[in-house]
Amino acid sequence: MTALITREELQKAIANGAVTVVDALGGEYYAKQHLPGALPLVLADVDAQAPTLLPDRDAAIVTYCSNEACPNSGQVAERLTGLGYTDVRKYKEGIADWTEAGLPVESA
């Protein structure tokens, strides 16, 4: 089971540059809106792209997707852990919670 992170904790980590945020939705969803600085990485691409996108296996990484019902963030987090990443957490409430709180997003 992947450890969780709260919106407030994630906000602070992003502001401090202390985390790499991974958008597990990808594609048009990522292009439309994503958390500040988030990198797109979907489950099908984790094995091929993680070593390049996330070279430090001990860095703090947070995955997210659309909301609590979306399984993508958990699947990507579990795969990263399986590949040897040691500090992976999931923002289970996802971008829906982030935007409902009025926090900024970016678009591609």
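The structure we're discussing is the one just above.
Rules used throughout
- Residues numbered from 1 in each chain as written.
- Predicted model: local features only at pLDDT ≥ 70, side-chain atom pairs only at ≥ 80, totals over all residues.
- Heavy atoms only, no water.
- Helix = DSSP H or I, 4+ residues; strand = E, 2+ residues; numbered from the N terminus.
- Rg over C-alpha atoms; globule rule 2.2 N^0.38 Å.
- Contact = heavy atoms within 4.5 Å.
- Areas by Shrake-Rupley, 256 points an atom, 1.4 Å probe, with all protein chains shown as cover.
- Pairing = 2+ DSSP bridges.
- Buried < 20%, exposed > 50% of the residue type's maximum accessible area, 1.4 Å probe, protein only.
- Right-handed = clockwise from strand over helix to strand, strands pointing away.

(A) Spotlight on the overall build of the chain. Assigned secondary structure in the chain consists of five helices and five strands. Listing the helices and strands of the chain from first to last along the sequence gives β-α-β-α-β-α-β-α-β-α. In terms of overall size, the chain behaves like a compact globule, its C-alpha atoms giving a radius of gyration of 12 Å where 108 residues would be expected to give roughly 13 Å. C-alpha atoms of the chain, sized along the principal axes, occupy 35 × 25 × 25 Å. Taking the intrachain contacts of the chain between residues at least 6 apart in sequence as the baseline, contacts between residues at least 24 apart amount to 71%. Approximately 5700 Å² of the chain is accessible, and the part contributed by carbon and sulfur atoms is 49%.

(B) Structural view of the sheet that holds strand S3 (residues 39-40). If you trace the five strands from one edge of the open sheet to the other, you get S1-S5-S4-S2-S3, paired in parallel fashion. A strand with exactly one partner marks an edge of an open sheet, and here the two such strands are strand S1 (3-4) and S3.

(C) Summary view of the side chain of His34. Within the secondary structure, His34 is located in the loop between helix H2 (27-32) and S3. Accessibility expressed as a relative area gives 4% for His34, which makes it buried. Leaving out residues up to four positions away in the same chain, His34 has contacts with Asp23, Tyr64, Ile95, Val105, Glu106, Ser107 and Ala108.

(D) A look at the environment of Ala3. Tracing the chain through its elements places Ala3 in strand S1. Look at Ala3 and you get partly exposed, because its relative accessible area is 42%. Between the alpha carbons of Ala3 and Arg89 there is a distance of 4.8 Å; along the sequence they are 86 residues apart. Excluding residues within four positions of it along the chain, Ala3 makes contact with Val88, Arg89 and Lys90.

(E) Seen up close, the pairing of strand S2 (residues 20-23). Bridging between S2 and strand S4 (residues 60-64) involves four bridges; their strand directions are parallel. Along S4, the bridge assignment pairs Val21 with Val62. Note: S2 against S3, two bridges, orientation parallel. Within S3, the position partnered with Val22 by the bridge is Leu39. As a crossover connection, the stretch from S2 through H2 into S3 is right-handed.

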